[in-house]
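# Structural overview
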Amino acid sequence: MERLTIHAAQPYEVLIGEHALGEVNKLIQDLQPKVSSVLLLIDEKVYQLHQQTVEQNLPHDALYVLPQGEKAKTFSVYEKAMGAALEAGLDRHSLIIACGGGAAGDLAGFTAATYMRGIRYIQVPTTILAHDSAVGGKTAINHPFGKNMTGAFHQPSAVVYDSLFLSTLPLREIRSGFAEVIKHALIADPEFLKELIDHVKDLKEIDESFLLYALKKGIQIKGEIVRQDEREQNVRAYLNFGHTYGHAVEAWSGFGDKLHGESVMIGMVYALLLSERKTSLDFNTDEFIGWVKSLSYEIHIDAPFGELLALMKKDKKNLNQMIRFVLLKTVGQPVLTKVEPSELEYIHHSLKRKGEIQ
Ligand SMILES: NC(=O)c1ccc[n+]([C@@H]2O[C@H](COP(=O)([O-])OP(=O)(O)OC[C@H]3O[C@@H](n4cnc5c(N)ncnc54)[C@H](O)[C@@H]3O)[C@@H](O)[C@H]2O)c1
Ligand SMILES: O=C(O)C(=O)C[C@@H](O)[C@H](O)[C@H](O)COP(=O)(O)O
Ligand SMILES: [Zn+2]
């Protein structure tokens, strides 16, 4: 197990690797002010698969089981989680443990951010994707109008990322989660991207130690951006690479039909094609597309452009009614750029053509 530090205004540790869960008890005991009680909010599937491990390692006074995955990020589940916190009698020195993927983490984090105007929480991520979601303090629930439309910045007190959970992930979730690893490489580190392309030929067979290395690297990249800009006033927007079109795809498909990482991959390929037109991108996009297709990622969605545009018009990065996209000049050099709907429509059709070519 290793420890990384996230240098937010209030720094905190990420414990990552084998046996990290064994540290939770001590970690909670050491928190100041002393924790008065603990509510565990846990993804249903994770509880089913790992109940014994969870009961042994995550101390709690009350437990509330969340619906699986994205179904947890709704107003009605938020109300129920809040009710569970009230019923458990949490006070301002209580703690919430968020255990699950990004959806459970976002819902539990938002519950912690708003319970009595904010109590502490720790993240216990259980998916590959959650190397991203558990770190950085973005918490939220969805609205039919768009992803994460109600939320708060609220940093966890710690992140405990035990690799034991990853062994039960279905391939589709591995693929979805790995898209955010690729995102971290694209926005920050050409060497890392090269390592990913060289090592990862089949997502069913990623070497365990390489996976852990890649997750740590992703967390370090994200941590450095969060250090510079915790509340997305400037460079944090780069972490949103692939998410403008990606979130539209996710919302259009009803939150669940297309997974977050699957949608982000479509959004990243879209943003690369847009970069070719807007920034004279210095990158071999076709080679990249070949690689991600070989990993069985889809790179387009058959959705009407007008409906995706309406969703992109609600994106949180927009200013003064202008859609703003994170584009790349080259790998490791993102830039936030205003884009016209006509340019977006052109790329939507190019992407469809590329997506249809085998
Ligand atoms: N807050 C952030 O900074 C941030 C960053 C990236 C993504 N997100 C959010 O994260 C969410 C996606 O997270 P995710 O991909 O982790 O998906 P998820 O939380 O929806 O979980 C995916 C599925 O895997 C199951 N699962 C979880 N852990 C498992 C395990 N160890 N073994 C077997 N099954 C397991 C869940 O029950 C669910 O069905 C999206 O809502 C996205 O918006 C947030
Ligand atoms: O941490 C960030 O900042 C990100 O943008 C990370 C994204 O991967 C993540 O999906 C995030 O939830 C998107 O945030 P949003 O502000 O676009 O809702
Ligand atoms: Zn994301």
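Cut-offs applied
Residues numbered from 1 in each chain as written. Chains lettered and ligands numbered in written order. Predicted model: local features only at pLDDT ≥ 70, side-chain atom pairs only at ≥ 80, totals over all residues. UniProt positions renumbered as here; feature names shortened; annotations may be inferred. Helix = DSSP H or I, 4+ residues; strand = E, 2+ residues; numbered from the N terminus. Rg over C-alpha atoms; globule rule 2.2 N^0.38 Å. Contact = placed C-beta atoms within 7 Å. Pairing = 2+ DSSP bridges. Axes fitted to C-alpha atoms, helices over the stretch in contact; angles between N-to-C directions. Near = placed C-beta within 6 Å. Nonpolar A, V, L, I, M, F, W, Y, C, P; charged D, E, K, R; others polar. Domains from an automatic or database assignment. Buried ≥ 20, exposed ≤ 12 C-beta atoms within 10 Å, placed from the backbone. Core = buried A, V, L, I, M, F, W, Y, C linked by C-beta atoms within 7 Å. pLDDT = per-residue confidence, 0-100. Parallel < 35°, antiparallel > 145°, perpendicular 65-115°, else oblique. Left-handed = near helix turned anticlockwise from the far one by under 90°.

The protein chain is annotated in an unreviewed UniProt entry as 3-dehydroquinate synthase from Jeotgalibacillus malaysiensis. The UniProt entry for the protein chain carries the following comment under Subcellular location (unreviewed entry): "Cytoplasm". Regarding the protein chain, the relevant UniProt record gives this comment under Function (unreviewed entry): "Catalyzes the conversion of 3-deoxy-D-arabino-heptulosonate 7-phosphate (DAHP) to dehydroquinate (DHQ)."

## A few points about the overall build of the protein chain
The helix and strand inventory of the protein chain stands at 13 helices and 11 strands. At 20 Å, the protein chain has a C-alpha radius of gyration in line with the 21 Å of a compact globule built from 358 residues. Judged by the C-alpha coordinates and their principal axes, the protein chain covers about 55 × 40 × 35 Å. Partitioning the intrachain contacts of the protein chain with sequence separation of at least 6 by distance along the chain shows that 72% fall at a separation of at least 24.

## A closer look at the sheet that holds strand S4 (residues 62-66)
Reading across the sheet, the seven strands line up as S1-S2-S9-S6-S5-S3-S4 and stay open at both edges, with mixed pairing between neighbours. Here the strands that pair on one side only, and so sit at the sheet edges, are strand S1 (2-6) and S4. The average undirected angle you get between the axes of adjacent strands in this sheet is 15 degrees. Against the sheet, helix H4 (residues 102-114) makes contact with strand S3 (38-43), S4, strand S5 (95-100) and strand S6 (120-125), and its axis sits at roughly 165 degrees relative to S5, the strand it touches most.

## A few points about the site of ligand 2
By nearness alone, every residue bordering ligand 2 is listed as Asp132, Gly136, Lys138, Lys147, Asn148, Glu180, Glu232, Arg236, Leu239, Asn240, His243 and Lys316. Its residues assigned to classes, the shell around ligand 2 shows one nonpolar, four polar and seven charged. Mapped onto the domain boundaries, the shell around ligand 2 takes at least three residues apiece from domain 1 (2-168) and domain 2 (173-356).

## Some points on the UniProt feature "binding site: Zn(2+)" (unreviewed entry) in the protein chain
The UniProt record annotates "binding site: Zn(2+)" (unreviewed entry) at Glu180, His243 and His260. The greatest C-alpha distance among the residues just named is 10.3 Å, despite their covering 81 residues of sequence, which places them together in space. In this structure, His243 sits in helix H9 (residues 243-252). Residue His243 is classed as buried on the basis of its C-beta count, with 27 C-beta atoms lying within 10 Å. Non-local contacts of His243, meaning those with residues more than four positions away in its chain, are made with Val264 and Gly267. If you trace the backbone, His260 turns up in helix H10 (residues 260-278).

## Some details on the domain arrangement of the protein chain
For the protein chain, the domain assignment lists domain 1 (2-168) and domain 2 (173-356). The C-alpha centroid of domain 2 is placed 26 Å from the C-alpha centroid of domain 1. In this complex, domain 1 contributes 26 residues to the contact, which on the side of domain 2 involves 27 residues. Secondary-structure elements contributing two or more residues to the side of domain 1 that touches domain 2 are S1, strand S2 (12-17), helix H5 (130-133) and strand S8 (146-153).

## A word on the nonpolar core
Core analysis: the biggest nonpolar cluster contains 111 residues, and Leu41 and Ile97 have the highest contact counts within it. For this core, the two domains that each supply at least three residues are domain 1 (2-168) and domain 2 (173-356). Setting aside residues up to four positions removed in sequence, Ile97 forms contacts with Val38, Leu40, Leu41, Leu58, His60, Tyr121, Ile122 and Val124.

## Structural notes on the site of ligand 1
Taken together, 33 residues form the shell around ligand 1, and within it Lys45, Gly69, Gly101, Gly102 and Ser133 come nearest. If you list the elements that add at least two residues to the shell around ligand 1, you get helix H2 (44-57), H4, H5, S8, helix H6 (171-188) and H10. Taken together, the residues that form the shell around ligand 1 break down as eight nonpolar, 15 polar and 10 charged. Residue-level mapping places the shell around ligand 1 at the junction of two domains, with at least three residues from each of domain 1 (2-168) and domain 2 (173-356).

## Some thoughts on the environment of Phe145
Here Phe145 shows up in the loop between strand S7 (138-143) and S8. On the neighbour-count criterion, Phe145 (11 C-beta atoms within 10 Å) is exposed. Taking the C-alpha atoms as reference points, Phe145 and Gly246, 101 residues apart in sequence, are found 14 Å from one another.

## Details of the confidence of the model for the protein chain
Confidence along the protein chain averages 97 in pLDDT terms, with 100% of residues attaining 70 or more. When mean pLDDT is compared element by element in the protein chain, S3 scores highest at 99, while helix H13 (residues 341-356) scores lowest at 93. This prediction of the complex comes with two scores: 0.98 for pTM and 0.99 for ipTM.

## Observations concerning the environment of Leu319
Following the sequence through the fold, Leu319 ends up in the loop between helix H12 (305-312) and strand S10 (323-330). For Leu319 and Leu129, which are 190 residues apart along the polypeptide, the C-alpha to C-alpha distance reads 28 Å.

## Concerning the packing of H12 against H13
The contact between H12 and H13 brings their axes to 11 Å, and the two run at 130 degrees. Compared by their axis directions, H12 and H13 come out oblique. As H12 packs across H13, the resulting crossing turns out to be right-handed. In this structure, H12 uses Phe305, Leu308 and Leu309 to contact H13, whose residues at the interface are Pro341, Leu344, Glu345 and His348. Here the residues of the contact of H12 with H13 sort into five nonpolar, one polar and one charged.

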